[in-house]
Amino acid sequence: MVDIYWRIGTHGDQPSLRHPAASRGDWTPRRHGSITPALRGGRDDGYTYLDHMADVAKAAEAAGFVGGLLPSFPFTDDPFAATAALVRETRTFRFMVAYQPGFLDPVHAARLSATLQRVSDGRLVYNVITGGGGPAQLWWGDTVGHDDRYARTAEFLDVLKGAWGTTPYDLAGRFFDVRGAHLPPALATQPVPEIYFSGSSAAAIETAGRHADYYLSWLEPFAALRDKFAQVREESARHGTRPRFALRIEILARATEREAWAEIERGWRHVDPASLDFSAAGDSVGAARSRAFVKGPVHGPRDLEVEPQVWGGFHLLRGGPAFGLVGSYDQVAARLDELVDLGVDSFILAGVPHLEEAYRVGSEVLPRVSFPRTNSLTTTVRSAS
């Protein structure tokens, strides 16, 4: 069975890719068309962005997605806190919380997570992110170098898993020093969340080989993904593990291919030509890989279609990774089928706006895929490995 998650934005949303200004949520100034909150008769209508997040989660659950990813950035709500509120709004829907281990104590993270497992009946999933450096990393007060961040993440997960039990756990490590760490019985019996782990560098792949249940990647040209998965399998074999693979993919699907590309064309009118320089620096290997797939100058949106339906310009129309799928419902479903054949075991899909696109992708794309998938309305929550 293939697990398919949806993304739940923790930082507002656009009304479409054609309109770059956010109008959903209280993260930007209110304007005409703003909702959650909105003005009614000149007064706040009482709805909050958390209400909107709950609407997206319930829509995704009703559309058949097994769960939702809650991202974490300096400009968002905290996904752990948001999940605590949203679990009561859903029934079987899983919540994949993105977090950076460098900024939490691992024993506290174990207790926090076990509590969420207890109140949600085991519906917490981890998206462990180590950070790509630059201003966002400094926002956290973190100056640790790239490879050392992954070493710290590996040690963090060693401690978290070691403390998740009733037997006292000790570790005098390079980054963490704990003595007698353990959980009370009611928490220790909760399942450790499944771990989705991302990173394209050698240090990231080594850590994934030790700890990941799912190695999570952004979408790339299919041949590049095949090579990356082979590297992860080779590294994992050294640790005696066999990780599964997951992809984070933006989706723009319409009844016809022409309609889908027309939506991209309309959004392209708002693209700043200066943003078409794909030589930006940074120490995120994943971002550098994405830039490297774009060959030659970019004059229009179709210059970023690196292979059929695989488009590398989503980051120009909304925040997030560059690559996603653009095409008809049938075309997008067929490409998802190809990715499963390539070795993908789980997807995190997204579309703008999150609410309406959850219904569209759930009702038009997912029924067209041929692989067996887990359905949020017919499955029970699985214990994490």
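Residues numbered from 1 in each chain as written. Predicted model: local features only at pLDDT ≥ 70, side-chain atom pairs only at ≥ 80, totals over all residues. Heavy atoms only, no water.

**Q** Teacher, can you tell me more about the overall build of the protein here?
**A** Broken down by element type, the protein carries 12 helices and 15 strands. Taking 2.2 N^0.38 as the reference for a compact globule, 385 residues should give roughly 21 Å; the C-alpha atoms of the protein span a radius of gyration of 21 Å, in line with that estimate. In terms of overall dimensions, the protein has a C-alpha envelope of 60 × 50 × 45 Å along the principal axes. When contacts within the protein are restricted to residue pairs at least 6 apart in sequence, long-range pairs at least 24 apart make up 71% of them. Carbon and sulfur atoms provide 51% of the accessible area of the protein, an area that totals close to 16,300 Å². (Helix = DSSP H or I, 4+ residues; strand = E, 2+ residues; numbered from the N terminus. Rg over C-alpha atoms; globule rule 2.2 N^0.38 Å. Contact = heavy atoms within 4.5 Å. Areas by Shrake-Rupley, 256 points an atom, 1.4 Å probe, with all protein chains shown as cover.)

**Q** When you look at the packing of helix α7 (residues 202–211) against helix α8 (residues 222–238) in this model, what are you seeing that I'm missing?
**A** Relative placement of two packed helices is described by the angle separating their axes and the distance separating the axes. At a minimum axis separation of 8 Å, α7 and α8 run at an interaxial angle of 55°. Here α7 lies oblique to α8, going by the angle between them. Note on packing geometry: the crossing formed by α7 with α8 is right-handed. Between α7 and α8, the contacting residues are Ile205, Glu206 and Gly209 on the first element and Gln231, Val232, Glu235 and Ser236 on the second. Class assignment for the residues of the contact of α7 with α8 results in two nonpolar, three polar and two charged. (Axes fitted to C-alpha atoms, helices over the stretch in contact; angles between N-to-C directions. Parallel < 35°, antiparallel > 145°, perpendicular 65-115°, else oblique. Left-handed = near helix turned anticlockwise from the far one by under 90°. Nonpolar A, V, L, I, M, F, W, Y, C, P; charged D, E, K, R; others polar.)

**Q** Looking at this structure, I do not really get the pairing of strand β8 (residues 177–181). What am I missing?
**A** Along a regular strand, successive side chains alternate from one face of the sheet to the other. As paired strands, strand β7 (residues 169–172) and β8 are joined by three bridges and run antiparallel to one another. Residue pairing across strands places Tyr169 opposite Ala181, the latter belonging to β8. The turn linking β7 back onto β8 is made up of four residues. (Pairing = 2+ DSSP bridges.)

**Q** Honestly, the pairing of strand β9 (residues 195–198) in this entry has me stumped. Any pointers?
**A** Every second residue of β9 is oriented toward a common face, with Ile195 and Phe197 on one face and Tyr196 and Ser198 on the other, all of them buried. One ladder, built from three bridges, connects strand β6 (residues 124–128) with β9; its direction is parallel. The residue of β9 that forms the bridge with Tyr126 is Ile195. As paired strands, β9 and strand β10 (residues 214–218) are joined by three bridges and run parallel to one another. Across the sheet, the residue bridging to Ser198 is Leu216, located in β10. (Buried < 20%, exposed > 50% of the residue type's maximum accessible area, 1.4 Å probe, protein only.)

**Q** I tried to follow the packing of helix α5 (residues 146–163) against α7 on my own but got confused; where do I start?
**A** Between α5 and α7, the shortest axis-to-axis distance is 9 Å and the interhelical angle comes to 10°. Classed by the angle they form, the pair α5 and α7 counts as roughly parallel. Contact residues: Asp147, Tyr150, Thr153, Ala154, Leu157, Asp158 and Lys161 in α5; Ala203, Ala204, Thr207, Arg210 and His211 in α7. Tallied by class, the residues present in the contact of α5 with α7 amount to five nonpolar, three polar and four charged.

**Q** Looking at this structure, how should I read the pattern of salt bridges?
**A** Oppositely charged side chains can pair when the atoms bearing their charge come close. The full count for this structure, using the stated rule, is 23 salt bridges. The salt bridge involving Arg18 is made with Glu263; its shortest N-O contact spans 2.8 Å. On the criterion of sequence distance, the pair formed by Arg18 in the loop between β1 (3–7) and β2 (39–40) and Glu263 in helix α9 (residues 257–268) is long-range, its members being 245 residues apart. Under the relative-accessibility criterion, Arg18 is labelled partly exposed at 31%. The partner of Arg244 in a salt bridge is Glu194, with the nearest N and O atoms 3.9 Å apart. Here Arg244 is found in strand β11 (residues 244–254), whereas its partner Glu194 is found in the loop between α6 (185–188) and β9, with 50 residues between them in sequence. For Glu194, a relative accessible area of 9% corresponds to the buried category. (Salt bridge = Lys/Arg side-chain N within 4 Å of Asp/Glu carboxyl O.)

**Q** Teacher, can you tell me more about the environment of Arg248 here?
**A** Looking at the secondary structure, you find Arg248 in strand β11. For the pair Arg248 and Ile348, spaced 100 residues apart in sequence, the C-alpha separation works out to 4.6 Å. The residues touching Arg248, leaving out its near neighbours within four places in the chain, are Arg7, Leu216, Ser217, Trp218, Leu219, Pro321, Ile348 and Ala350. Within the structure, the side chain of Arg248 is placed 3.4 Å from the side chain of Glu250, a separation counted as a polar contact. (Polar contact = N/O pair within 3.5 Å; in protein donor to acceptor, adjacent residues only side chain to side chain.)

**Q** For this particular structure, what's the right way to read the packing of aromatic side chains?
**A** The geometry of an aromatic ring pair is captured by two quantities: the separation of the ring centres and the angle between the planes. Inspection of every chain in the model, using the stated rule, returns 17 aromatic pairs. Relative to Phe323, the ring of Phe293 has its centre 6.1 Å away and its plane inclined at 75°; by these criteria the two rings are edge-to-face. One end of the pair, Phe293, is in the loop between α10 (285–292) and β12 (305–307); the other, Phe323, is in the loop between β13 (310–311) and β14 (324–328), with 30 residues separating them in the sequence. Taking the centre distance of 5.2 Å and the plane angle of 80° together, the rings of Trp311 and Phe314 count as edge-to-face. (Phe/Tyr/Trp six-rings, centres within 6.5 Å; stacked < 30°, edge-to-face > 60°.)

**Q** For this particular structure, what's the right way to read the nonpolar core?
**A** A general tendency of soluble globular proteins is for nonpolar side chains to be buried together. In this structure, Phe65, Leu219, Ile249, Leu336, Leu339, Phe347 and Leu349 are the most contacted members of the largest nonpolar core, which totals 83 residues. For Leu219, the residues in contact, after removing those within four places along its chain, are Leu225, Leu247, Arg248, Ile249, Val310, Phe323, Gly324, Leu325 and Leu339. In terms of nonpolar packing, the next biggest core, distinct from the first, is built from 17 residues, Leu252, Trp261, Val298 and Trp311 among them. (Core = buried A, V, L, I, M, F, W, Y, C linked by side-chain atoms within 4.5 Å.)

**Q** I keep staring at the layout of surface pockets and nothing clicks. Help me out?
**A** Leftover empty space is mapped by rolling, across the atoms, a probe with the size of a water molecule. Taken as a whole, the second largest pocket holds about 180 Å³ of empty space. Ser72, Asp78, Pro79, Tyr99 and Trp140 are the residues nearest the centre of the second largest pocket, which is lined by 15 residues in total. Elements with a minimum of two residues in the lining of the second largest pocket: α2 (79–86) and β5 (94–99). The residue makeup of the lining of the second largest pocket, split by class, is 10 nonpolar, three polar and two charged. (1 Å grid on protein atoms, 1.4 Å probe; cavity = no way out; pocket = protein on both sides within 12 Å on 5 of 7 lines; lining within 4 Å. Points joined across faces, edges and corners; volume = space filled by probe spheres on them.)

**Q** Just checking my understanding: could you explain helix α11 (residues 329–342) for this structure?
**A** Note: α-helices contain 3.6 residues per turn, so residues at a spacing of three or four share the same orientation. End to end, α11 covers 20 Å across 14 residues, agreeing with the expected 20 Å (1.5 Å per residue, within 8%). All of the buried residues in α11 are Tyr329, Val332, Ala333, Arg335, Leu336, Asp337, Leu339, Val340 and Leu342. (Expected span 1.5 Å × (residues − 1).)

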